[in-house]
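# Summary of structural features
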Amino acid sequence: YPHVSLLPLFASNCTFSACGANRPVLQIAPLPSDEIERCVNLTNCVTVITKTGRRPLNVIRLAKNIREHLGMDLPMVVIDDGPDDYPTEIMSELAKFPNMNYIISSSTDLGIGAGRTLALTKVKTKYFFQLDDDAMLTEKSSASDLKELVEILDTTDATLVGGSSHRRRQAFAFFMEFEMVNGKRYLSYYLNSCHLANWTIPGFPSCVRCEVTTNVFLAKTQSVLEVGGWTSELKTIEHKDFFLRLKAADKKVAFCSDFLVQNNHKEDGIDQLGKQFKGNYSYDRRAYIRKRFLRNVLMNERFENRWNIDICDHAKDKQFPSWLQNKIDAGDL
């Protein structure tokens, strides 16, 4: 599937490629009754996808957590760009989850973008559930809570519906737009703007229209494949690019604040900042963190070059993007 074009899509007063993302958010509309195909059994319509890197212990913990909180084993596709010689006991633990397709990449540095897209191409259900390998479902992400997200995708033209993650519960669902500031091209974020706009999805009081959510989301497999999934050249810093391309392709995004997932960065001796396997995979922790920081800087430069922007600016002092504020001022909302 080709990646969506970055040609200008809305250029009346904007001349660089990212202007296509400045169009107003489209209203999420109900599907005609004859187009609704309801998901009856979650295991038949939802597949978990996870990208990991030498962290199979995380994946095992995640699979156990899903079984505990949902009362079932969802199909899982896991992409690991780590080694192919894990200890026998680890492989035995992974084998306890027959619904899991654990793929070890031939590349030891596949990256998040290419890894998630590879996982997506292996999905056989109409929806996929994106979870990081350190995610943990909670009492607010039970089977009934997940079914509510499924219901939104079943009955509306939304492509993706995201949930909350612990510390970012109130601040990580937002609108964004590109602006010219002192001759510089800025990508500005409008934190909390989704709930401030109060664009609730009818029938789902805790869910609103939005543009960007956390990495906890349920999405329509075919719709995301149509935009090419994630950008393979972005090994990290892939999040903004993914949601920008969804918007440029008119794919609609929703956010449900009541669906809550935690991220456990360290538990049961699992070191999230390092590698779980030492010995042959030993590492200098300080050197590893420095390498990761430098790679993130490089990936951010790739992202900015890809969209032809100068600065990614978190505009925390602004409540709404300009197009939304104009509608409010004009009484159109």
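Parameters at a glance
- Residues numbered from 1 in each chain as written.
- Predicted model: local features only at pLDDT ≥ 70, side-chain atom pairs only at ≥ 80, totals over all residues.
- Heavy atoms only, no water.
- Salt bridge = Lys/Arg side-chain N within 4 Å of Asp/Glu carboxyl O.
- Helix = DSSP H or I, 4+ residues; strand = E, 2+ residues; numbered from the N terminus.
- Buried < 20%, exposed > 50% of the residue type's maximum accessible area, 1.4 Å probe, protein only.
- Expected span 1.5 Å × (residues − 1).
- Disulfide = S-S within 2.5 Å.
- pLDDT = per-residue confidence, 0-100.
- Contact = heavy atoms within 4.5 Å.
- Pairing = 2+ DSSP bridges.
- Right-handed = clockwise from strand over helix to strand, strands pointing away.
- Core = buried A, V, L, I, M, F, W, Y, C linked by side-chain atoms within 4.5 Å.

## What to know about the pattern of salt bridges
- Tallying each qualifying case throughout the model produces 14 salt bridges.
- A salt bridge links K51 to D81; the nearest nitrogen and oxygen atoms lie 3.2 Å apart. Pair noted here: K51 is in strand β1 (residues 46-52) and D81 is in the loop between β2 (76-80) and α3 (88-94), with a separation of 30 residues, a long-range link.
- Using a relative accessible area of 14% as the deciding quantity, one classes K51 as buried.
- A salt bridge links D154 to K126; the nearest nitrogen and oxygen atoms lie 3.3 Å apart. A residue pair is termed long-range when its members are at least 10 positions apart, and D154 in helix α5 (residues 143-155) and K126 in the loop between α4 (112-121) and β4 (127-130) qualify at 28 residues.
- Residue D154 is classed as buried on the basis of its relative accessible area of 3%.
- Salt bridges linked by common partners bring K64, E93 and K96 together as one network.

## Section: α5
- The terminal C-alpha atoms of α5 lie 18 Å apart, and with 13 residues this matches the ideal 18 Å at 1.5 Å per residue to within 8%.
- A143, L146, L149, V150, I152, L153, D154 and T155 are the residues of α5 that are buried.

## A word on the state of the cysteines
- Evaluation of the coordinates by the stated rule reveals 3 disulfides.
- Disulfide pairing is shown between C194 and C210; the S-S distance is 2.0 Å. Disulfide C194-C210: the torsion about the S-S bond is 60°, which places it as right-handed. With a gap of 16 residues between them, C194 in helix α6 (residues 193-197) and C210 in strand β10 (residues 204-210) connect regions that are remote in the sequence. In this pair, the class of C194 matches that of C210, namely buried.

## Examining helix α2 (residues 56-70)
- Taking 1.5 Å of rise per residue, the 15 residues of α2 would be expected to cover 21 Å, and the 21 Å separating its terminal C-alpha atoms lies within 8% of that figure.
- Of all the positions in α2, only P56, N58, V59, I60, R61, L62, A63, N65, I66 and L70 are classed as buried.
- Just downstream of α2, G71 is the residue with a positive phi angle, here 70°.

## Here's the deal with the confidence of the model for the protein
- Here the protein averages 82 in pLDDT, and 79% of its residues register 70 or above.
- Every residue in residues 1-12 is under pLDDT 50, and counting partners more than four places away or in other chains gives 30 contacts.
- Predicted confidence for residues 267-282 stays below pLDDT 50, and this span has 42 contacts to residues more than four positions away or in other chains.

## Things to note about unusual backbone geometry
- Positive phi is not limited to glycine here, since I237 has a value of about 55°.
- Here I237 lies in the loop between α7 (221-226) and α8 (239-248).
- Here I237 falls in the partly exposed class, since its relative accessible area comes to 23%.
- Backbone geometry at D250 places phi at a positive 65°, although glycine is not the residue there.
- With respect to the helices and strands, D250 occurs in the loop between α8 and β12 (253-263).
- According to the relative accessible area criterion, D250 is partly exposed, its value standing at 41%.

## A few points about the pairing of β2
- Counting buried positions along β2 gives 5 out of 5 residues, so the element sits mostly inside the fold.
- Burial along β2 is two-sided: the residues M76, V78 and D80 and V77 and I79 are all buried.
- As defined by bridge partners, β1 adjoins β2 across 5 bridges and the pair is classed as parallel. Note that in β2 the partner of T50 across the bridge is V78.
- Crossover β1 to β2 through α2 is right-handed.
- Looking at chain direction, β2 and strand β3 (residues 100-104) are connected through 5 bridges and run parallel. The residue of β3 that forms the bridge with D80 is I104.

## Some thoughts on the nonpolar core
- Ranked by internal contacts, the top residues of the largest apolar core, which has 43 residues, are F129 and L218.
- Those residues in contact with F129 that sit more than four places away from it in its chain are V46, T47, V48, I49, L137, L146, V216, F217, L218 and F259.
- F217, L234, L246 and W307 belong to the second-largest nonpolar core, a separate cluster that totals 33 residues.

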